[in-house]
Amino acid sequence: MTKGYFFEEVDGVLTFTIDRPERRNAINDDVMDGFREVIDYVHTHDTVRFLVITGTGDRAFCSGGDLSEFHTLTTAEQASSMLSKMAELLYEWATLPVPTIALINGTAVGGGCEIATACDFRLVAAEAKCGFIQGTLAITTGWGGGTYLFERGLRHDRALKMLVDAKTYPAQQLYDIGWAMRVFEGEPRNALEEFIEDMRKVEPGVHKAYKEMEIRKWKNAGLYTRIQQEVATCSLLWEQEPHLAAVDRFLSKNKK
Ligand SMILES: CC[C@H](C(=O)O)C(=O)SCCNC(=O)CCNC(=O)[C@H](O)C(C)(C)COP(=O)(O)OP(=O)(O)OC[C@H]1O[C@@H](n2cnc3c(N)ncnc32)[C@H](O)[C@@H]1OP(=O)(O)O
């Protein structure tokens, strides 16, 4: 029985894999515990030069929060507890002293898009589609993904459109609007190695210093507080009838 994730360090590359293909790699509490473990691993192993996140299989990178588990959360307070837990983990992830790379092997929706946006780089498989579909469930992003998106340098109208469309975009469009840095064909691992080839030649201390530059900017811009406000907004929407009904519709559709 899998824990729902696994991670392995090979030649300085630490790869965290979400391993719940039967749920399109949805995030539940066990996988959140995996995020905790892998973040702690980075802080205690200076051999790690790059942190990569990907998903098992070729159907999905991550389908966001596990609706079959999180549908039991019906109040703003209950939602906030789960959302805050993942938002904290993603903030620690985003502020790690190594380059972080989302190796998007398949569909990334909802919180899956938020996780990818919390990474420094996004490499997207040519057949993958990604989207902040939270709006179809009558909520906003709630793990910090909307706040990170406005920090990633996309033209404002393109970033906002991604959120308010609440739909998936094909890989090429994700590249054209500046969310994806690479679109790749074939083996994800090959695309990753090509992407980090030049970075490997640079001292880790230089990477750490550049990450610290961005983290200082985020601290001056009150990023962490803005993420907490995003969580609060999502929590309030979470307990409203439109969200609760949308989740029930998804679950009853899939109970066929
Ligand atoms: C703040 C973040 C926020 C949160 O919840 O905390 C969110 O992430 S909101 C967004 C939540 N996620 C979704 O609404 C996505 C739901 N899933 C889908 O839209 C599709 O499954 C998709 C597009 C990811 C893949 O479609 P595909 O046709 O390839 O697969 P199926 O829909 O047939 O799904 C296969 C199987 O997986 C189960 N599944 C998929 N996603 C989830 C999920 N997020 N939570 C729980 N279970 C999920 C689905 O029910 C099917 O199960 P089965 O028992 O085989 O019917």
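Check the entry above for the structure.
So, how was this worked out
- Every residue gets a number counted from 1 within its own chain, in the order that chain's sequence is written.
- Reporting in this predicted model follows two pLDDT cut-offs: at least 70 for local features of residues, and 80 or more for side-chain atom pairs to be given and counted; totals over whole chains, interfaces and linings ignore these cut-offs and use all residues.
- Excluded from the side-chain calculations are hydrogens and water; all other atoms, namely the structure's heavy atoms, are used.
- Strands here mean DSSP runs of E at least two residues long; helices mean DSSP runs of H or I at least four residues long; both are numbered from the N terminus.
- Partly exposed residues are those whose accessible area sits between 20% and 50% of the maximum for their type, while under 20% is buried and over 50% is exposed, using a 1.4 Å probe and protein chains only.
- Should any heavy atoms of two residues lie within 4.5 Å, those residues are considered in contact.
- Pairing of N or O atoms within 3.5 Å defines a polar contact, subject to two protein rules: one partner must be a possible hydrogen donor and the other a possible acceptor, and residues neighboring in sequence count only if both atoms are side-chain atoms.
- Here, axes are lines fitted to C-alpha atoms. For helices the fit covers the stretch in contact, and angles between N-to-C directions go from 0 to 180 degrees.
- Note that the term roughly parallel is reserved for angles under 35 degrees, roughly antiparallel for angles over 145, roughly perpendicular for angles of 65 to 115, and oblique for everything else.
- Each crossing gets its hand from how the near helix is turned against the far one by less than a right angle, where anticlockwise is left-handed and clockwise is right-handed.
- By the convention adopted, Pro, Cys, Tyr, Trp, Phe, Met, Ile, Leu, Val and Ala count as nonpolar, Lys, Arg, Asp and Glu as charged, and the other residues, Gly among them, as polar.
- The rule for pairing is simple: two strands pair if DSSP sees at least two bridges between them.
- Buried Ala, Val, Leu, Ile, Met, Phe, Trp, Tyr and Cys residues form a nonpolar core when they are joined through side-chain atoms within 4.5 Å.
- Note on definitions. A residue lies near a molecule or strand when any single heavy atom of the residue is within 4 Å of it.
- Areas reported here follow the Shrake-Rupley algorithm with a probe of radius 1.4 Å; residue values treat only the protein chains shown as occluding.
- Throughout, the protein atoms alone are placed on a 1 Å grid, and a set of points is a cavity if a 1.4 Å probe fits but cannot get out or a pocket if it is open with protein on both sides within 12 Å along at least five of seven lines; lining residues have an atom within 4 Å of a point.
- Think of it this way: if more than half of a molecule's atoms are within 2 Å of a pocket's grid points, that molecule is in the pocket or cavity.

(A) The environment of Y169, seen in detail. Mapping Y169 onto the fold places it in strand β9 (residues 169–170). We classify Y169 as buried; its relative accessible area is 3%. Spatially, the C-alpha atom of Y169 lies 25 Å from that of T233, the residues being 64 residues apart in sequence. With sequence-adjacent residues up to four places away left out, Y169 is seen in contact with A128, K129, C130, K161, M162, L174 and I177. In terms of polar contacts, Y169 uses its side chain to reach the side chain of D165, at 2.5 Å.

(B) Seen up close, the packing of helix α1 (residues 29–44) against helix α3 (residues 76–94). The geometry of α1 relative to α3 is characterised by a closest axis approach of 10 Å and an angle of 25° between their N-to-C directions. Here α3 runs roughly parallel to α1, going by the angle between their axes. Judged by the sense of rotation from one axis to the other, the crossing of α1 with α3 is left-handed. Residue-level inspection shows D29, M32, D33, F35, R36, V38 and I39 of α1 in contact with α3, the latter providing M82, K85, M86, L89, L90, E92 and W93. Partitioned by chemical class, the residues of the contact of α1 with α3 number nine nonpolar, no polar and five charged.

(C) The packing of α3 against helix α10 (residues 223–238), seen in detail. Their axes nearest at 9 Å, the elements α3 and α10 cross at an angle of 150°. Overall, the two elements α3 and α10 adopt an arrangement that is roughly antiparallel. Two packed elements cross with a definite hand, and for α3 against α10 that hand is right-handed. Contacts from A76, A79, S80, M82, L83, S84, A87, E88 and Y91 in α3 reach L223, Y224, I227, V231, C234, S235, L236 and W238 in α10. Across the contact of α3 with α10, the residue classes break down as 13 nonpolar, three polar and one charged.

(D) Summary view of the pairing of strand β5 (residues 100–104). β5 sits mainly inside the fold: five of its five residues count as buried. A two-sided burial pattern is seen for β5, the buried positions comprising T100, A102 and I104 on one face and I101 and L103 on the other. As defined by bridge partners, strand β3 (residues 50–55) adjoins β5 across three bridges and the pair is classed as parallel. When the bridges of β5 are listed, V52 appears paired with I101. Strand direction decides the pairing type here: β5 and strand β7 (residues 121–125), joined by four bridges, are parallel. Bridge pairing in β7 places I104 opposite V124.

(E) Here's a closer look at the nonpolar core. Counting 81 residues, the largest nonpolar core has I27, F35, I53, I104, I115 and W179 as its most contacted members. Apart from the residues lying within four places of it in its own chain, the contact partners of I27 are I18, R20, M32, F35, C62, G64, G65, D66, F70, M86, I115 and W143.

(F) Main features of the environment of Y224. Along the chain, Y224 turns up in helix α10. On the accessibility criterion, Y224 (28% relative accessible area) is partly exposed. As a C-alpha pair, Y224 and F121 span 103 residues in sequence and 20 Å in three-dimensional space. Apart from the residues within four sequence positions on either side, Y224 is in contact with E88 and Y91. A distance of 2.3 Å separates polar atoms of two side chains, one belonging to Y224 and the other to E88.

(G) Representation of the site of the ligand within the structure. As a structural note, the neighbourhood of the ligand is formed by 25 residues, with R24, S63, G65, L67 and G111 the closest of them. Within the backbone of L67, an N or O atom sits 2.9 Å from a nitrogen atom of the ligand. Across the complex, the protein chains shield 77% of the 1000 Å² of accessible surface that the ligand would expose by itself. More than half of the atoms of the ligand fall within 2 Å of the grid points belonging to the largest pocket. Among the elements of the structure, α2 (67–70), α3 and α4 (111–117) are those that each provide at least two residues to the shell around the ligand. Along the lines of polarity and charge, the residues of the shell around the ligand split into 10 nonpolar, nine polar and six charged.

Fair warning: the whole summary comes from geometry, so function is off the table for now.
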